[in-house]
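# Coordinates in review
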Amino acid sequence: MFYTRTDEDGDAERRLLLELDEIDELRIATMRCEEDNYSEPAWNHEVHSRFLRLALKDCADVRHHNMYGPFQIPFLPHQQD
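The residue count restarts for each chain, going from 1 along the sequence in the order it is written. Totals for whole chains, interfaces and linings use all residues, but because this is a predicted model, local features are given only for residues with pLDDT of at least 70 and pairs of side-chain atoms are given and counted only at 80 or more. Side-chain metrics rest on all non-hydrogen atoms present in the structure, leaving aside hydrogens and water.

### A look at the overall build of the protein
- Along the backbone of the protein there are two helices and zero strands.
- Relative to its full complement of 81 residues, the protein shows a buried share of 15%.
- Within the protein, counting contacts between residues at least 6 apart in sequence, those at least 24 apart form 33% of the total.
- Accessible surface is estimated by sampling points in the Shrake-Rupley manner with a 1.4 Å probe; for residues, cover comes only from the protein chains shown. When the accessible surface of the protein is split by element, carbon and sulfur atoms take 54% of a total near 7100 Å². Labels follow the DSSP assignment, with helices taken as runs of H or I lasting at least four residues and strands as runs of E lasting at least two, numbered in each case from the N terminus. Under the scheme applied here, a residue whose accessible area is under 20% of the maximum for its type counts as buried, over 50% as exposed, and between as partly exposed, the area being computed with a 1.4 Å probe on protein chains only. Between two residues, a contact is recorded if the distance between any of their heavy atoms is within 4.5 Å.

### Observations concerning a nonpolar patch on the surface
- Nonpolar side chains (Val, Leu, Ile, Met, Phe, Trp, Tyr) within 5 Å and like charges within 9 Å form the patches, drawn only from residues with over 30% relative accessible area and no salt bridge. The salt bridge definition used is simple: a Lys or Arg side-chain nitrogen within 4 Å of an Asp or Glu carboxyl oxygen. Nonpolar side chains collect at one region of the surface, where L17, L20 and I23 lie side by side and expose about 280 Å² of accessible area between them.
- In this structure, L17 sits in helix α1 (residues 12-35).
- Given a relative accessible area of 47%, L17 falls into the partly exposed group.

### Examining unusual backbone geometry
- One non-glycine residue with positive phi stands out, namely N37, at about 55 degrees.
- Of the residues examined, N37 reaches a relative accessible area of 68% and is grouped as exposed.

### Focus: the pattern of salt bridges
- A full pass over the atoms with the stated rule returns five salt bridges.
- Here E19 and K57 are joined by a salt bridge, their closest N and O atoms 3.4 Å apart. Of this pair, E19 sits in helix α1 while K57 sits in the segment after α2 (40-56), placing them 38 residues apart in sequence.
- Among the ionic pairs, E25 bridges to R50, the shortest N-O distance being 3.4 Å.

### A short note on the packing of α1 against α2
- Here the axes come from fitting lines to C-alpha atoms, over the contacting stretch only for helices, and the angles between their N-to-C directions go from 0 to 180 degrees. The interhelical angle for the contact between α1 and α2, taken along N-to-C directions, is 155 degrees, at an axis separation of 9 Å. Relative to α2, the element α1 lies roughly antiparallel. As α1 packs across α2, the resulting crossing turns out to be left-handed. Counting all contacts with α1, which are made through E19, E22, I23, E25, L26, A29, T30, R32, C33 and E34, the residues of α2 involved are W43, E46, V47, R50, F51 and L54. Angle categories: roughly parallel below 35 degrees, roughly antiparallel above 145, roughly perpendicular from 65 to 115, and oblique for all the rest. For a crossing to be left-handed, the near helix must be turned anticlockwise from the far one by less than a right angle; the clockwise case is right-handed.

### Some words on α2
- One axis is fitted to the seven residues ending at the residue and one to the seven starting there. The bend at that residue is the angle between these axes. A bend of about 35 degrees at H48 is the largest found in α2.
- Among the residues of α2, W43, V47, S49, R50 and L54 are the ones counted as buried.
- Elements that come into contact with the buried residues of α2 comprise α1.

### Side note on α1
- For a helix, the expected span equals 1.5 Å multiplied by the number of residues minus one. Taking 1.5 Å per residue as the helical rise, α1 with its 24 residues ought to reach 34 Å, and the 35 Å between its terminal C-alpha atoms agrees with that figure.
- Listed in full, the buried residues belonging to α1 are A12, R15, E19, L26, A29 and C33.
- Looking at the residues trailing α1, positive phi occurs at N37, about 55 degrees.

Here it is as C-alpha cells:
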C-alpha cells in the first residue's frame, strides 16, 4: 500500500501522490455520505469499497466483493419469509 523512494521502478513519488489524491477523494466522499445521510449500501459503494481496494491493491490473494442484495450463504440454513 505504501511506497518508498527506493522502489525499483523509480515511480514511488508519483504513486504516493496518487494515493494521497485517492485518500483525499475518500475523505470528501465520507463527508458527503455523512452530510447527506447516505444508506449503508451507498456508504459501502462510495467509501468502504474504494478504501478496501486502495488498502489491498498489493495483496494478490485478497479479493473484495459487494455482497449487498438477496443472496444465500451456503453454510447458513435457508430462512423462510
